[in-house]
Amino acid sequence: MKEKETFLTKNSIVCLLALLCCFLWGSAFPCIKIGYQLFEIGDGDTWSQILFAGIRFTFAGILVICFCSLKDKKLLMPKRTSWGMVFKISMCQTAVQYVFFYVGLAHTTGVKGSIMEGANVFMAVLLASLAYHQEKLTRLKGAGCLIGFSGVVLVNLGNGGLDGGIAVNGEGFLLIACLSYAFSSVLVKIYSAKENPVALSGYQFVLGGLIMTAAGLAAGGKVPEISLTGCLLLFYMALISAVAYSVWSILLKYNSVSKVAVFGFTTPIFGVILSAVFLHENSSLPWQQSLCALLLVCTGIYMVNREEMGGEK
């Protein structure tokens, strides 16, 4: 156990694994929109979008449980007293977050969604500092939050101004998703001290995914087109969640939050690049404005986490 802990605290290993997680999360933005096309799910077909997300996360949870059970040669199960924790995390991390995320992303671009996703870092910092008192909100962290949020605002200032750049069911829903993720981050921080973080990850995905799948089916959601390409994409998207969330949770177990989270600024970078490459999106924003917004978000995330590298205390 000591050798494992030492290995997982090496800077090179933390960097490699954290960047892998951020790349996977960044690739989710274009994958979701491509998935809508492959499965012929329309932008306004909300319940089919929720069904699509539910299938993905149920599958992701099953992958986590199966992989860890095979590795440990016994069924991965949370303790009986941990099911309440699993439920709370599943609602924030999976059900609520991704209902708003999937619907919101259908009504905005992958590039803009990637940049706005950076808001979850600042919300998590504010919740952990002001609401749960898990850490101190320093001037450096406060300044980082303001700079990062300015990037989120800037990306919504299209040629027509703020009114022309924000849709409640687009950017508004993405912000709600960010807030839900922030709450889940605080809960994971608390609960991982009491339960195996991988067990929490796998079972919260299954529970949250089943809730979304049932809701989507009950409301008339459907997947009109099923193809081999679409199924392979769905498998990859399940791997995104299973691998990235589990690896990130393990890194947080053996390292401080700031040491791991500092790499989070690369997620919107990967998302923007991959959305531009695979979706060929032409944002209504001038590229200079998009780049400036992205830099502000990344700078804010860096400042929030800079203390780990010897910044302000």
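The rules behind the values
Residues numbered from 1 in each chain as written. Predicted model: local features only at pLDDT ≥ 70, side-chain atom pairs only at ≥ 80, totals over all residues. Heavy atoms only, no water. Helix = DSSP H or I, 4+ residues; strand = E, 2+ residues; numbered from the N terminus. Buried < 20%, exposed > 50% of the residue type's maximum accessible area, 1.4 Å probe, protein only. Contact = heavy atoms within 4.5 Å. Axes fitted to C-alpha atoms, helices over the stretch in contact; angles between N-to-C directions. Parallel < 35°, antiparallel > 145°, perpendicular 65-115°, else oblique. Left-handed = near helix turned anticlockwise from the far one by under 90°. Nonpolar A, V, L, I, M, F, W, Y, C, P; charged D, E, K, R; others polar. Core = buried A, V, L, I, M, F, W, Y, C linked by side-chain atoms within 4.5 Å. 1 Å grid on protein atoms, 1.4 Å probe; cavity = no way out; pocket = protein on both sides within 12 Å on 5 of 7 lines; lining within 4 Å. Points joined across faces, edges and corners; volume = space filled by probe spheres on them. pLDDT = per-residue confidence, 0-100.

1. Side note on the overall build of the protein
Thinking step 1. Within the protein, the regular secondary structure consists of 14 helices and zero strands.
Thinking step 2. In the protein, the order of α-helices and β-strands from amino to carboxyl end is α-α-α-α-α-α-α-α-α-α-α-α-α-α.
Thinking step 3. Each of the 313 residues in the protein was classed as buried or not, and the buried ones make up 53%.
Thinking step 4. Counted over contacts in the protein with a minimum sequence separation of 6, partners at least 24 positions apart contribute 87%.

2. A few points about the packing of helix 4 (residues 83-105) against helix 9 (residues 168-191)
Thinking step 1. Put simply, helix 4 and helix 9 touch, their axes get as near as 8 Å, and they point 160° apart. Classed by the angle they form, the pair helix 4 and helix 9 counts as roughly antiparallel. For the element pair helix 4 and helix 9, the recorded crossing hand is left-handed.
Thinking step 2. Considering only residue class, the contact of helix 4 with helix 9 consists of 18 nonpolar, seven polar and one charged.

3. A few points about the side chain of Ser249
Thinking step 1. With respect to the secondary-structure elements, Ser249 resides in helix 11 (residues 228-254).
Thinking step 2. On the basis of relative accessible area, Ser249 is assigned to the buried category, the value being 5%.

4. Concerning the nonpolar core
Taken as a class, soluble globular proteins show a tendency for nonpolar side chains to be buried jointly.
Thinking step 1. One finds Phe52, Phe101, Tyr102 and Ile115 to be the most contacted residues of the largest nonpolar core, which totals 61 residues.
Thinking step 2. By residue number, the principal contributor to this core is helix 4, which donates 10 residues.
Thinking step 3. Once you skip the residues sitting within four places of it in the chain, Tyr102 turns out to touch Ile32, Tyr36, Gln49, Phe52, Ala53, Arg56, Phe57 and Met237.
Thinking step 4. Leu24, Trp25, Ala244 and Val247 belong to the second-largest nonpolar core, a separate cluster that totals 15 residues.

5. Comments concerning the layout of surface pockets
Thinking step 1. As a volume, the largest pocket reaches approximately 940 Å³.
Thinking step 2. Lining the largest pocket are 45 residues, and of these Tyr181, Ser185, Trp248, Leu252 and Ala261 sit closest to its centre.
Thinking step 3. At the level of elements, helix 2 (11-38), helix 4, helix 6 (119-131), helix 9, helix 11, helix 12 (257-261), helix 13 (266-279) and helix 14 (287-305) are the ones that each hand at least two residues to the lining of the largest pocket.
Thinking step 4. When residues of the lining of the largest pocket are assigned to their parent elements, the largest contribution, six residues, is made by helix 9.
Thinking step 5. Among the residues forming the lining of the largest pocket, the class breakdown is 25 nonpolar, 14 polar and six charged.
Thinking step 6. By volume, the second largest pocket amounts to about 540 Å³.

6. Thoughts on the confidence of the model for the protein
Thinking step 1. Looking at the protein, the pLDDT average stands at 83 and 90% of residues meet or exceed 70.
Thinking step 2. For the protein, per-element mean pLDDT is lowest for helix 8 (residues 162-165), which scores 49, and highest for helix 10 (residues 197-218), which scores 93.
Thinking step 3. Between residues 159-164, whose pLDDT stays under 50, and residues either more than four places distant or in other chains, the model counts five contacts.

7. Things to note about the packing of helix 4 against helix 10
Thinking step 1. As a packed pair, helix 4 and helix 10 sit with axes 8 Å apart at the nearest point and diverge in direction by 55°. It follows that helix 4 is oblique to helix 10 by the angle criterion. Of the two possible hands of crossing, helix 4 and helix 10 adopt the one that is right-handed. In contact with Trp83, Met85, Val86, Phe87, Ile89, Ser90, Met91, Gln93, Thr94, Ala95, Tyr98 and Val99 of helix 4, helix 10 contributes Leu200, Tyr203, Gln204, Phe205, Leu207, Gly208, Gly209, Ile211 and Met212.
Thinking step 2. Among the residues forming the contact of helix 4 with helix 10, the class breakdown is 15 nonpolar, six polar and no charged.

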